[in-house]
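# Fold and geometry: a report
These are the residues of each chain, in order.
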Amino acid sequence: MSSAAGDRRGVIGLLVLLFAITYLDRVCISVAGPRMQAELGIDPIGWGWVTGIFTLAYCVFEIPTGTMGDRLGPRLVLTRIVGWWSLFTILTGTVTGFLPLLAIRFLFGAGEAGAFPNASIVVARWFPPAQRATISGVNLMASQVGGAIAPLLVLPIQMRYGWRMSFYVFGVAGIVWAAVWYVWFRDSPDEKQRQRAREGTAAVDVRQAPDHAFPWGAAARSQTVWALMGLAFCYVYVYTFFQTWFHTFLVHGRGFSEAGLVLSALPYVVAAFANLGGGAASDALVRRLGRKRGRRLIGAAALTAAALFTIAAMLTQHPVLTVVFLALTYGAITFQQSGAFGVCLDIGGVRAGATVGLMNMIAQVGGLAGSVLYGYIVDRSGSYNAPFVPMAALLFIGAMLWLRVDASRTLGDVGAPLLPVVAMPAAGPLS
């Protein structure tokens, strides 16, 4: 195995761990939610703001941190991101009231913002265009694995040691990852090979890609950018439910016991396979139908299916069937998600960090709306089913917006390179 192929596998391995830890930390508060609400005296509206304030900060800092990664490189920026959010994961376990929890969750979101854009920069610099959605799918799959194992880890910890201990454990895991990333990773294959050359391996010829400012004017005139932001808003409005309200809904809306929440891992297991399969399917359809039709087809079909499964989950009162239908909802959303990130890399190229940051910023506005409005709808209606009505409607709208996406048209000047120009061997199979 060549050193370049080994490096790519190392990059994938670290990104997989990154996204698994990311969602362990995110889903941790959802699993611990019922206990936290009871101990801290937080009502549904207040809990909506606890989950929403994280998303607000995440939204505000998404583009700046993505642009920072384009400029400074993902090695430094991801080290800062993971170290920051790990600290505030630990601090979440120390809170004693509603207002301190709001402050810590806001700073948590500000620190975590930019993780996805900077990981996308890594994908754009280390892997060829034909593998964009596939590698994005691998990363997103890892996030779902983190979400799937979170209940299996959090529940035993909090049942034995209390909910606070789970935040301490996962915070330390993030700090370890940040240290390994900073020591081993380099911002591009050529930098990694230069490092190896200094350690005694022969160097190769490299050329650095020019620095490109983000083309805001072209983005504002792009139908694809507007459609991408719109559909991201729609699906993340629903997606965020699974990181914020899902476990509270199961307890209060379907009568689950704390021990029964183990079944809540199902949506994340389904989503892990959906992210991986959706990324591979999106790239396969691109090769067969082209970027425009290939990306569109999966996106529109998957969000339509997600809307139908959401309606089914709302109509059934059977606890297990509810989880199954919601797992299918989440799976359909995540099946198209890899393709959405693939579109960002298709149209963004060397501006991948800022492009993903732009999409994710609007997506997090949807997440903020979903987190906060869920609490208000429950409070006003007295029903945990009522919030599923706008969720289903937005998924249908998102499906329609996918039909306006054209991933074959890049942003910026005609002829701008899609990837940094580096002398590296062609990427082989991932296995």
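Residues numbered from 1 in each chain as written. Predicted model: local features only at pLDDT ≥ 70, side-chain atom pairs only at ≥ 80, totals over all residues. Heavy atoms only, no water.

This brings us to the overall build of the protein chain. Each helix and strand counted, the protein chain has 18 helices and zero strands in total. Restricting the contact set of the protein chain to residue pairs at least 6 apart, pairs at least 24 apart contribute 86%. Carbon and sulfur atoms form 68% of the exposed surface of the protein chain, whose accessible area is close to 15700 Å². (Helix = DSSP H or I, 4+ residues; strand = E, 2+ residues; numbered from the N terminus. Contact = heavy atoms within 4.5 Å. Areas by Shrake-Rupley, 256 points an atom, 1.4 Å probe, with all protein chains shown as cover.)

Our next topic: the side chain of Glu112. Note that Glu112 resides in helix 5 (residues 98-112). Take Glu112: its relative accessible area is 0%, and that puts it in the buried class. (Buried < 20%, exposed > 50% of the residue type's maximum accessible area, 1.4 Å probe, protein only.)

Tracing the backbone through its elements, the reader meets Val343 in helix 16 (residues 319-348). C-alpha of Val343 to C-alpha of Arg409: the two residues are 66 residues apart in sequence and 9.8 Å apart in space. Beyond its immediate stretch of four places on either side in the chain, Val343 contacts Thr224, Leu228, Arg295, Trp402, Val405 and Ala407.

Bringing the packing of aromatic side chains into the picture now. By convention here, two paired aromatic rings are described through the distance between centres and the angle between planes. Counted by the stated rule, this structure contains 22 aromatic pairs. Through a chain of ring-to-ring contacts, the aromatic side chains of Tyr235, Tyr239, Phe241, Phe242, Trp245, Phe246, Phe249, Tyr268, Tyr330, Tyr374, Tyr384 and Phe388 assemble into a single cluster. Lying across the ring of Tyr182, Arg75 places its NZ or CZ 4.0 Å from the centre. Note that Arg105 overlies the ring of Phe108, its terminal NZ or CZ placed 4.6 Å from the centroid. (Phe/Tyr/Trp six-rings, centres within 6.5 Å; stacked < 30°, edge-to-face > 60°. Lys NZ or Arg CZ within 6 Å of the ring centre and 35° of its normal.)

Here we take up the nonpolar core. With 116 residues, the main nonpolar core has Trp177, Tyr235 and Phe241 as its most contacted residues. Among the elements that take part in this core, helix 1 (residues 3-40) stands out by supplying 16 residues, more than any other. Sequence-distant contacts of Tyr235, that is, excluding residues within four places in its chain, are made with Leu303, Ile333, Gln336, Gln337, Ala340, Phe341 and Leu395. (Core = buried A, V, L, I, M, F, W, Y, C linked by side-chain atoms within 4.5 Å.)

Below, the discussion takes up the packing of helix 11 (residues 223-239) against helix 18 (residues 388-402). Two numbers describe how helix 11 lies on helix 18: the axes approach to 8 Å, and their chain directions differ by 155 degrees. It follows from the interaxial angle that helix 11 and helix 18 lie roughly antiparallel. Between helix 11 and helix 18 lies a crossing whose hand is left-handed. Across the interface between the two elements, Ala227, Gly230, Leu231, Phe233, Cys234, Tyr235, Tyr237 and Val238 of helix 11 pack against Pro390, Met391, Leu394, Leu395, Ile397, Gly398, Leu401 and Trp402 of helix 18. Here the contact of helix 11 with helix 18 is composed, by residue class, of 14 nonpolar, two polar and no charged. (Axes fitted to C-alpha atoms, helices over the stretch in contact; angles between N-to-C directions. Parallel < 35°, antiparallel > 145°, perpendicular 65-115°, else oblique. Left-handed = near helix turned anticlockwise from the far one by under 90°. Nonpolar A, V, L, I, M, F, W, Y, C, P; charged D, E, K, R; others polar.)

What follows covers helix 8 (residues 163-184). The terminal C-alpha atoms of helix 8 lie 33 Å apart, and with 22 residues this matches the ideal 32 Å at 1.5 Å per residue to within 8%. Listed as buried for helix 8 are Trp163, Ser166, Phe167, Phe170, Gly171, Gly174, Trp177, Ala178 and Trp181. Taken around the axis of helix 8, the buried residues stretch over an arc of 125 degrees, which confines them to a single face. Seen from the buried face of helix 8, the exposed residues on the opposite side, beyond 90 degrees, are Val176 and Val183. (Expected span 1.5 Å × (residues − 1). Arc of directions from axis to C-beta.)

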